[in-house]
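This is what each chain is made of:
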Amino acid sequence: MELSNRFISIKNSPILFSKPFKLNTLKLLFSLPNSTESPSSQLSLSRSLQFETLKALEWSSLCERLSPFTSTSMSHSVTRNASIPIGKSLQESRELLNQTAAALAVMQIEPLDFSGIDDISGIVNSAVSGNLLTVSELCAVRRTLRAARTLFERLKDGGDCSERYIHLLEILEGCNFLMELEQKIGFCIDCNLSILLDRASEELEIIRSERKKNMENLDSLLKGISAQIFQAGGVDRPLITKRRSRLCVGVRASHKYLIPDGVILDVSSSGVTYFMEPADAVELNNFEVMLSNSERAEEVAILSLLTSEIAQSVGDVKYLLDRILELDLAFARAAYAQQINGVHPILTSEDCEGEPSIGVNCALSIDIEGIQHPLLLGSSQRSLSEVLRSNSENSAELDGGDGVIAAERLSKSASAFPVPINIKVESGTRVVVISGPNTGGKTASMKTLGIACIMSKAGLFLPAKHTPRIPWFDLVLADIGDHQSLEQNLSTFSGHISRICKIMEVASKASLVLIDEICSGTDPSEGVALSSSILQYFRDHVNLAVVTTHYADLSLLKDKDSRFLNAAMEFSLETLQPTYQILWGSTGDSNALSIAKSLGFDSNMIESAQKWVEKLMPEKQHQRKGLLFRSLMEEKNRLEAQATKATFLHSDVMKLYNEIRHEAEDLDGRVIALMKKETQQVQQEVKATKSQIEIVVRDFENLLRKASPDQFNSLIRKSESAIASIVEAQCPSDSLLVNQVDVSSHTPQFGEQVHVKGLGDKVATVVEAPGNDDTILVQYGKIRVRVKKSDIRPIQGNKRSAATNLVPGLKRQVICCILLWKS
């Protein structure tokens, strides 16, 4: 038997399987310093501490947030099991972040389609184990191979955007998409009908052709015999069926003689009907059984060949599945970044080494602004969506006047959102001591830092503002929570100390250590002493250690060593509520009594406790600390008020600047419009004056024709007087004429319009009475400026000069009329 076309022959050839291949396991979540030289016990301890740290930081809950964004069952399983890869080096973490950024770029254009990808690792393992694969399993392999190749071609054909997808292309580059295996399966199997095709092999095609012909002959023979039995009354209707894998006809027991030499294959339960094989059908049935067995054997041989092909390609298939998993996780991280409005963090090493970025403050080793804990952020989003959905369902009630209740519910939901915090640690700082009140957010802030560092290593964007900068830590080790164990006979204090000892054993110069309530649960004096020793050890042996405490004496370490940094959780003495903000460089009180009072604790007990505090603390110390804290808070509020005032002032200045710029840009246009308007006005006045004088001249001419010579002088004087009065009414007074005005002695008055030399001889308005300093405040449009009195001159009355120039001409016209009449 040979496969059609170019397929190799498998007749009488055994199926060779390679040794079982184990699925590539995910890499360690964190790299270990000098792991090749570490003993097995230290490696096991490091893994145990990492697992407990991830559990304390609720890493599994965060990974589950990625599950809804996965597209394949492989990625869904990885996220549900909190097994997403975390970079074991700075370069790997940066590459994961770049993959997330590239996936975001792809999603903005058109998301990739992972619908054809199946987790075929179990199918491949079955093939390697020697099990024969079914037609549906082979089709799943073909479908996955084709979908993977389509994904690669989609990224490769990105056009101008292919450079932006380079980090995703690198995932699939070097993969063997097994196109030949995909084509073989497609040639042999119709995956739409889940059947082997005749063309799979020449022998299968021949067998099926012979079987078809034999079945046609057998069916024709049995139909004829069954029809004869029916006509003879041996059966109610023609009946052809299969018994013992052989075709036969049904006949009543009383009429079995109608089938001489027939073989009884079966009898009905009632015994009335016999199922008999006619003698002429025996040979055809035998041939059908033989062909059916041959066809099944040939199909098994073809399936065996394809199974063997898959088993031999197990390495390429599983490597391809791992790359598809990596690609799907990149898109899941990108979709999650969209949901939380995440930003790309910059991972740095020592000496401010990191990705090029404008405005990077190298004075800070950690610079994160406005970050929110992703788990709290997700919970608040769900809470708000439930409130909004509830309000939409009860819209009728809202219209009835319950809008106030709805507003209160929305405000309460909004207040549940996590308060953004700023985390800023100076370069060179090795230990941060956070103090402050209970329920003030110390632990939550420390957890936010820890989860942010792990998210960055895993390629996840952060729910923060601007561009966060975080050092790359090889290990994140946390001691958070109560490690009391009755089984191991450990108290709370013993559990903490035991955990800290393990952390000190595996931590390196590139590690981050987080300790909540260091050395609590023991005598305060001994706790302070032990805590100081531990912190001094971390100062010299880790990259950064962040601890929370109620021991006020630990804040004094900053005075002796600049590598220590104090921080405090802000607490409002007015509202007796924490603000959840970190005051870097400050120390804070526990405010236990204030918090207990705000929670409704008995006032008598509070007063009694306050007296004990005053007795236990040195005289005036508590009062001084309170005054100092209030002074700092007042200074903080004052600076915030000044900053707000400066912001408003800057806004006003920019508004005035824009107005002045707009006025300056439109200045020429306004001057032209003003000149045009004044010209039109002067022309109208000249035209009116000329019309009046022409009327006087016409009246004079009419009277002149009727008057006697003795009346000429009287008429002339009367006309001249009328013309003079018209001209005098239109001309400016002597005090406004330029030739009669002494500019140097002119003093502008409030509201007067004047020409200003410094403004291009433009007309401005005096807005302030002149002072004794020879300067005057004038306004042009919205611009106010103080100019010298010598640069100001009054407005000239030349706009009526044209009317004045008409007078001599009109007089000459009158005299000409008189002389013409005399002649």
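Residues numbered from 1 in each chain as written. Predicted model: local features only at pLDDT ≥ 70, side-chain atom pairs only at ≥ 80, totals over all residues. Heavy atoms only, no water.

(A) Spotlight on unusual backbone geometry. Residues other than glycine seldom take positive phi values, yet Ala82 does so here, at roughly 55°. Judged by relative accessible area, which is 16%, Ala82 ranks as buried. (Buried < 20%, exposed > 50% of the residue type's maximum accessible area, 1.4 Å probe, protein only.)

(B) Geometry of the sheet that holds strand 17 (residues 753–756). If you trace the five strands from one edge of the open sheet to the other, you get 20-19-18-17-21, paired in antiparallel fashion. Each having just a single partner strand, strand 20 (783–788) and strand 21 (792–794) make up the two edges of the open sheet. Neighbour to neighbour, the strand axes of the sheet diverge by 50° on average, direction disregarded. In this sheet, strand 21 lies alongside strand 17 in antiparallel orientation, the contact comprising three bridges. By the bridge assignment, His755 is partnered in strand 21 with Arg793. (Pairing = 2+ DSSP bridges. Helix = DSSP H or I, 4+ residues; strand = E, 2+ residues; numbered from the N terminus. Axes fitted to C-alpha atoms, helices over the stretch in contact; angles between N-to-C directions.)

(C) A look at the packing of aromatic side chains. As enumerated under the stated definition, the model contains four aromatic pairs in all. Between Phe114 and Phe331, the ring centres sit 5.9 Å apart and the planes meet at 70°, which makes this aromatic pair edge-to-face. In this pair, Phe114 is assigned in the loop between helix 4 (90–109) and helix 5 (121–128) and Phe331 in helix 11 (residues 314–340), connecting sequence segments 217 residues apart. For the pair formed by Phe114 and Phe331, the shared burial category is buried. Looking at Arg199, its charged tip hangs above the ring of Phe187, at a distance of 4.7 Å from the centre. The ring centre of Tyr319 lies 4.8 Å from the NZ or CZ of Arg323, which sits over that ring. (Phe/Tyr/Trp six-rings, centres within 6.5 Å; stacked < 30°, edge-to-face > 60°. Lys NZ or Arg CZ within 6 Å of the ring centre and 35° of its normal.)

(D) Just the packing of helix 6 (residues 135–156) against helix 8 (residues 179–188), in detail. Axis separation between helix 6 and helix 8 bottoms out at 9 Å; the angle between their running directions is 135°. Put simply, helix 6 runs oblique to helix 8. For the pair helix 6 and helix 8, the sense of crossing is left-handed. Here Leu138, Val141, Arg142, Leu145, Arg146 and Arg149 of helix 6 lie close against helix 8, whose contacting residues are Met179, Leu181, Glu182, Ile185 and Gly186. Among the residues making up the contact of helix 6 with helix 8, the classes are represented as six nonpolar, one polar and four charged. (Parallel < 35°, antiparallel > 145°, perpendicular 65-115°, else oblique. Left-handed = near helix turned anticlockwise from the far one by under 90°. Contact = heavy atoms within 4.5 Å. Nonpolar A, V, L, I, M, F, W, Y, C, P; charged D, E, K, R; others polar.)

(E) Examining the environment of Asp198 more closely. Relative to the helices and strands, Asp198 is located in the loop between strand 2 (195–196) and helix 9 (202–231). Assessed through its relative accessible area of 37%, Asp198 is described here as partly exposed. Each C-alpha atom of the pair Asp198 and Ser209 lies 9.0 Å from the other, and the pair is eleven residues apart in sequence. Ignoring anything within four residues of it in the chain, the contact list for Asp198 reads Leu204, Glu205 and Arg208. A polar contact is formed between the side chain of Asp198 and the side chain of Arg208, at a distance of 2.6 Å. (Polar contact = N/O pair within 3.5 Å; in protein donor to acceptor, adjacent residues only side chain to side chain.)

(F) Representation of the environment of Leu512. Position of Leu512 among the secondary structure elements: in strand 13 (residues 512–515). Residues Leu512 and Ala478, 34 residues apart in the sequence, show an inter-C-alpha distance of 8.3 Å. If we skip the residues at most four places from it in the chain, Leu512 touches Cys453, Phe473, Leu475, Val476, Leu477, Leu544 and Val546.

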